[in-house]
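The primary structure of each chain is shown beneath.
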Amino acid sequence: MAVPQTQHTLIARLRDPSDEAAWSRFENGYRELVVRFAMRQGLQQSDAEDVAQSVFQSLLSAMKGFTLDKSKGRFRDYLFRAVRNEISRQSAKPRPKAASEGLVEVKSSGGRAAPTELDQAADFSAELEAQRHFEHEWIDHHFRMAFTEIRRTFSPDSVAIFERLLAGTSVESTAEAFATTTQAVHKVKQRIRDRMQELVSAQIAEEDG
Amino acid sequence: MTLRREEVTGEQLAASVEKTDARGASCGDSREDLGITQVFLSDAWMQRTAQAVTMHELGHLAGYQLVRVVQRGVQGTVYEALEPRTGRRVAIKRLPLVDAHAIEADRFERETEALASLGHPNVVALLAAPVDDGARLMVMEWIDGLPLDRWADELWNRVTAREALAAIVACLTKVANAVAAAHARGIMHRDLKPSNVLVLPSGEPKVLDFGLAKGLHATTETATRTGGFAGTPAWASPEQIAGNPRDIDARTDVHALGLLLYRALSGRAAFDGTLAILPLFEEIRTRTPFAPSRIRKGLARELDLITMHALEKDRARRYQSAESFARDLARFTTGEPIDAHPPSAWYVARKFVGRHRTVAALLGLTLAAIVTGTVVSAALAVEARDARNAAVARADEAEQARTRAERMNGFFQDLLSNLREREVAGDRAGAREILTLAAESIERAGTPRESEADLRTTLGVAFFEIGEYARSVEQYARAAMLLDRQDQARARAQVFLAQARSLMRTGDRAQAPSAARTAIETLTALQVPAAEIAEAHAVHAAALVFAGLHAKALAEAERAIEMAREARALHTLANAMSTRALALGDAGRLPEATEQAIDAALLAKSLDDLRPLERARMLHNASFMLTNSKRPLEALPFAEESLALREAHFGKGHPATTAGRTQLAKTLRDLGNFDQAILLHLGSIEALVDNSNESISLRANTRRHLARAYQVRANDNDDDLAIATLKTGLEEFAIARQFESTQAMSAGDYYFRAILQRDGGDALLRALRDEPARLAQLANDPLAACTARCESARVLALTMRKPRDPAYAVVASALPSLLVMYREDLAHAMTQLGPKSETTRRIELALAQLLSVDLAPEARAEAQERATSVREAFVQQSGERAAGVARCDEVLRWLAASPTETQASPAQAPAASPSSRP
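Being a predicted model, the structure only gives us computed values, none of them experimental.

A. Looking closely at the overall build of chain A. Regarding its fold elements, chain A presents 8 helices and 0 strands. The order of helices and strands in chain A, counted from the N terminus, is α-α-α-α-α-α-α-α. Burial analysis of chain A (209 residues in total) assigns 41% to the buried set. For chain A, restricting intrachain contacts to residue pairs at least 6 apart in sequence, the fraction spanning at least 24 positions comes to 66%. Working note: accessible area of chain A is about 11,400 Å², and carbon and sulfur atoms make up 51% of it.

Encoded structure:
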């Protein structure tokens, strides 16, 4: 499926900050990713939302005339770094003690003397863990996006059947509940799977401009 | 960036590095994208989707901050969360209560308290169990580990077999100890399964979800379907399925431990969780799974014993506690003898060690080594050495050798007479091992020829007694070779006769007649008493019947009858009459055959000193003939008595007993007593516990009859049961490598027919592709795929001859690809078996059947050619009456009718299989 150079991928379109549609789609989709990742890193929900807000704002300005240089890495690496930086910035802020539910230790390197080897090792494994978390959320993000599209485009019955299956109901009971055959249920599952796979691949391609 | 282990393994990623991005553009690093592709290869994608679509506003639950949803299950949802003050990661399981009874709630409180105070390193620590908004929460320590099955599978791929085995056994030992600790506090698990045992990278297991299955009911869905059964179907024990809550005790958890061990060792679940509920339950209640060592080669026999001991259907026969299971595993690890063993083999072993210590020593073996392959005690080994030294110190070497051999013979005679005791004969596996090792040890001991001939003859009889006919033949062959002197001619002839008796019960039955003939020649030349010669003729006649040469068999049987009458050898007379009956039956003279069989049986009953087994055989034949003559009521008493005799002599697991049970079941089925018939078949399957190829194919064959009985009974779900049992049977035929036999092919035909009937044309076509492929994998031989669907060509052709058949359209449109498939099958058989093999011819016939319904003239011409040549070959091989000939004629008839006459003539009934012959 050849994509003409002039046809803009999502990222390409982001260069134009006045392209409202592109931006809201981007933000809606990726916001969840950022918030969940931040919470995984130990932030409270409200702080995580703050982080998301900041990230998108700074992205907006950074993207003016932004050209993604492929040799420097992929979009998601870029996003990861942006979010990480934002999280560090957040945690370096002085926090009012009483207000928060409880202090959650966020890894930061402020205020220490020359890091010892132990510190470095701890930092390194923390870094690995952060990468792992982000990767996980990133994949979830794509699944989420794909499923939203499926909800939009598949018949309501098919979606309902599929959601039953997602909840852990067996194929047999689902078939019974919808007064159809197990083969039909399997077929729905298969079609949705195939479509999801397609969508996810396409989404990832889109990310890379 | 690395993906989390739970999603994709490093190996999978590495393996996919080769692939390039499908869209052609080379993305910076394509590996991670393909990692996602991997997720789509299994059902993991569903989990991820479920998890992804939850909104992030999870907020809080009972004070804990929720991070994400880990898993949604039917029982409830599992979250990852953070503890408020410490920020420690925890797992929270949220179980909505459907109906909260005060008593249940109470028990739950008590159990969770007990569990929380358990503090066992291998039990997931329960931190709190508050109630929240109509749901129970279980807050547990967070475990970053893999479920047991995935952990074990990865281990087998990652490290050497020995390391994997050691790690698995160590892990399961800890799991069992953890369960035992909980039992000590009165807590049962009741839902042990791989996803409830998480294993850390260090190999440390953590058991989760104790006691949940009871009292916290799942949705009504499971309740109504399974009558209140709670727990996961594929991991349930027989008594859980039976449903009586009072029957569930520690031994239920033992069964589950056995399933875990099975899964970790073999890489497969013991019971197929993808089956529908009722067939699955049927399997769990009645089917003994294959021993793990049959699935993963090289596993120690002790592990089989331990696993299968835990999986006994009858709780009383299992390990009585999780602790004893753990102990046996520990003993295996340190090389000590385990408790789980076939009791009668030990009984034999201990008895013999007592009486024949010297012999055992002289053989240089300990009996324990014979039975389990491990050395029982150093003491015995030392004794062996000492005895050997003492023996060597004696005078003449030849003298020693003779003495040794005499003692060995005495030993084996003793063994033989013990084998005839019911309990021991029932344990064929143990007896077989003893005998096999004994046979091997004869070589090593340097026995003089004469004694060796004696020993081998004894072994031949012994193997025959336990139904190991092929080995019996071997021993007799070697004995005969040793009896090569003139004065030994008579003995040699007798050995040949005995060999013929064994041969006719093996796949080489075509050679049985010549063995008998050799014996006759010798005995006649030696002018031995007439009765002996008559007996030899009778055996010859039987051999001819089994070899399918019924005309010659008839003549020979009549000769034997005459000679027996003259010599007044009544036993032989009865034998010969029974054989004549079988020959008449084969010749199509059923009424005469039936009368003759009855006469033989009545004569047998009147002879008090006739061996019980001979009597059983004749009664069986009479019953067989009577059922064939559609006289089941008269057949019944014969069948019952025959079976009783065989059970009394052989015990339940012997092939002769199985044949007897099958015959009785057939009779009952013809009388309309379907339930009894089904129970008999199930009993046979259950009793054929050992995993020799022979037992497995007997089981598979019994399943055919069982499936037929289900279909005839036709209760609700009976066709599901029939299909499930046939499917298992096909697997068994594949694993036992019997897929080329008539029974296996007939089972394939049956199975696909049933699929067509229940699920329609689409399903049939899918099954014809998928199922044989699976069987080929199981058998490790692509030919298994060809034989499985061979007979179904006829069903497809018949469907094509009926345009109004619902499956017509589907089959018609698939015809071209079906033809390709069967052509490939034929090509394959030609290469692997050669053009003259019967199997190749049958596949060729299948192709002809399909071609004959194609409208193209070239196809029909080809069909004509093939059907004709196959017919010729069958006639040459087995005569005009061979079943294959009739099929060829059918195809030729189809071809002769004009193509527009596609209305099928009434389908010919498939020929009866001679499977109930004694």
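B. Structural view of the pattern of salt bridges. Scanning the entire structure with this criterion turns up 52 salt bridges over all chains. When the shortest N-O distance is used, the salt bridge between Glu558 of chain B and Arg580 of chain B registers 3.0 Å. With Glu558 of chain B in helix α26 (residues 550–567) and Arg580 of chain B in helix α27 (residues 570–586), the pair connects residues that are 22 residues apart, well separated along the chain. The partly exposed category is assigned to Glu558 of chain B, whose relative accessible area is 33%. One network of salt bridges, in which partners are shared, links Glu32, Arg36, Arg40, Glu137 and Asp140 of chain A together with Arg48 of chain B.

C. Examining the environment of Cys171 of chain B more closely. With respect to the helices and strands, the residue Cys171 of chain B is situated in helix α6 (residues 161–184). C-alpha separation for the pair Cys171 of chain B and Leu148 of chain B, spaced 23 residues apart in sequence, amounts to 9.3 Å.

D. Inspection of the state of the cysteines at higher detail. All names here are of chain B. Per the stated rule, a full pass over the model turns up 0 disulfides over all chains. Cysteine Cys790 shares no disulfide, and the gap to the nearest cysteine sulfur, in Cys786, comes to 8.9 Å. Classification of Cys790 by relative accessible area gives buried; the value is 3%.

E. Main features of the nonpolar core. Residue and element names in this part refer to chain B. In this structure, Tyr710, Tyr751, Leu768, Leu796, Leu818, Tyr822 and Leu850 are the most contacted members of the largest nonpolar core, which totals 73 residues. Once residues lying within four places of it in the same chain are set aside, the contact partners of Tyr710 are Glu282, Ile678, Leu682, Asp718, Leu721, Ala722 and Thr725. Counting residues in each nonpolar core, the second largest holds 53 residues, with Ile168, Val169, Val199 and Val207 among its members.

F. View of unusual backbone geometry. Although it is not a glycine, Gln527 of chain B sits at a positive phi angle of roughly 55°. Inspection of the secondary structure puts Gln527 of chain B in the loop between α24 (512–526) and α25 (530–546).

G. Seen up close, the packing of helix α41 (residues 857–878) of chain B against helix α42 (residues 883–896) of chain B. All names here are of chain B. Where α41 contacts α42, the two axes come as close as 9 Å, and the packing angle between them is 155°. On the basis of the axis angle, α41 is roughly antiparallel to α42. Here α41 and α42 pass one another in a crossing that is left-handed. Counting all contacts with α41, which are made through Arg860, Ala863, Gln864, Ala867, Thr868, Val870, Arg871, Phe874 and Val875, the residues of α42 involved are Gly884, Val885, Cys888, Asp889, Val891, Leu892, Trp894 and Leu895. By residue class, the composition of the contact of α41 with α42 is 11 nonpolar, 3 polar and 3 charged.

H. Spotlight on the side chain of Gln499 of chain B. Residue and element names in this part refer to chain B. Mapping Gln499 onto the fold places it in helix α23 (residues 489–503). A relative accessible area of 10% places Gln499 in the buried class. Among all residues touching Gln499, those that are not within four sequence positions of it are Val473, Tyr476, Ala477 and Ala515.

I. Looking closely at the side chain of Arg669 of chain B. Inspection of the secondary structure puts Arg669 of chain B in helix α31 (residues 655–670). Apart from residues no more than four positions distant in its own chain, Arg669 of chain B is found in contact with Phe674, Ala677, Arg708 and Ala709 of chain B.

J. Broad picture of the sheet that holds strand β9 (residues 197–199) of chain B. Here 3 strands make up an open sheet; going across it, the order is β8-β9-β10 (chain B) and the pairing antiparallel. The open sheet has two edge strands with one neighbour each: β8 (146–147) and β10 (205–207) of chain B.

K. Structural view of the confidence of the model for chain B. All names here are of chain B. In the predicted model, chain B carries a mean pLDDT of 78, and 74% of its residues have values of at least 70. Note that pLDDT drops below 50 for residues 1–31; the model gives that stretch 48 contacts with residues more than four away or on any other chain. Predicted as a complex, the structure gets a pTM of 0.50 and an ipTM equal to 0.78.

L. Representation of the packing of aromatic side chains in the model. Enumeration according to the criterion identifies 10 aromatic pairs over all chains in this entry. Judged by centre distance (5.5 Å) and plane angle (65°), the rings of Phe464 of chain B and Tyr469 of chain B are edge-to-face. Given the relative accessible area of 23%, Phe464 of chain B is considered partly exposed. Here Tyr469 of chain B falls in the buried class, since its relative accessible area comes to 9%. Cluster of aromatic residues (ring-pair linked, three or more members): Phe143, Phe147 and Phe162 of chain A together with Phe40 and Trp45 of chain B. The ring centre of Trp138 of chain A lies 3.8 Å from the NZ or CZ of Arg76 of chain A, which sits over that ring.

M. Structural context of α31 of chain B. Residues and elements named next belong to chain B. Taking 1.5 Å of rise per residue, the 16 residues of α31 would be expected to cover 22 Å, and the 23 Å separating its terminal C-alpha atoms lies within 8% of that figure. For α31, the tally of buried residues reaches 15 of 16 residues, placing the bulk of the element in the interior. Looking at the residues trailing α31, positive phi occurs at Gly672, about 90°.

N. Fine view of the packing of α27 of chain B against helix α28 (residues 590–606) of chain B. Residues and elements named next belong to chain B. At a minimum axis distance of 8 Å, the contact between α27 and α28 shows a crossing angle of 160°. Classified by the angle their axes make, α27 and α28 are roughly antiparallel. α28 is crossed by α27, and the crossing has left-handed handedness. Along the contact surface, α27 presents Leu570, Leu573, Ala574, Met577, Ser578, Arg580, Ala581, Leu584 and Gly585, while α28 presents Glu592, Ala593, Gln596, Ala597, Asp599, Ala600, Leu603 and Ala604. Each residue belonging to the contact of α27 with α28 can be placed in one class, and the counts come to 11 nonpolar, 3 polar and 3 charged.

O. Looking closely at the confidence of the model for chain A. All names here are of chain A. With 68% of its residues at a pLDDT of 70 or more, chain A has an overall mean of 73. Within chain A, no element has a lower average pLDDT than helix α1 (residues 10–14), which sits at 62, and none a higher one than helix α8 (residues 182–207), at 88. Predicted confidence is poor over residues 1–8, with pLDDT under 50, and the contacts of this stretch with residues over four places away or in other chains come to 1 contact. This model gives residues 96–112 a pLDDT under 50, and the stretch forms 13 contacts once residues within four places in sequence are excluded.

Rules behind the numbers
- Residues numbered from 1 in each chain as written.
- Chains lettered and ligands numbered in written order.
- Predicted model: local features only at pLDDT ≥ 70, side-chain atom pairs only at ≥ 80, totals over all residues.
- Heavy atoms only, no water.
- Helix = DSSP H or I, 4+ residues; strand = E, 2+ residues; numbered from the N terminus.
- Buried < 20%, exposed > 50% of the residue type's maximum accessible area, 1.4 Å probe, protein only.
- Contact = heavy atoms within 4.5 Å.
- Areas by Shrake-Rupley, 256 points an atom, 1.4 Å probe, with all protein chains shown as cover.
- Salt bridge = Lys/Arg side-chain N within 4 Å of Asp/Glu carboxyl O.
- Disulfide = S-S within 2.5 Å.
- Core = buried A, V, L, I, M, F, W, Y, C linked by side-chain atoms within 4.5 Å.
- Axes fitted to C-alpha atoms, helices over the stretch in contact; angles between N-to-C directions.
- Parallel < 35°, antiparallel > 145°, perpendicular 65-115°, else oblique.
- Left-handed = near helix turned anticlockwise from the far one by under 90°.
- Nonpolar A, V, L, I, M, F, W, Y, C, P; charged D, E, K, R; others polar.
- Pairing = 2+ DSSP bridges.
- pLDDT = per-residue confidence, 0-100.
- Phe/Tyr/Trp six-rings, centres within 6.5 Å; stacked < 30°, edge-to-face > 60°.
- Lys NZ or Arg CZ within 6 Å of the ring centre and 35° of its normal.
- Expected span 1.5 Å × (residues − 1).

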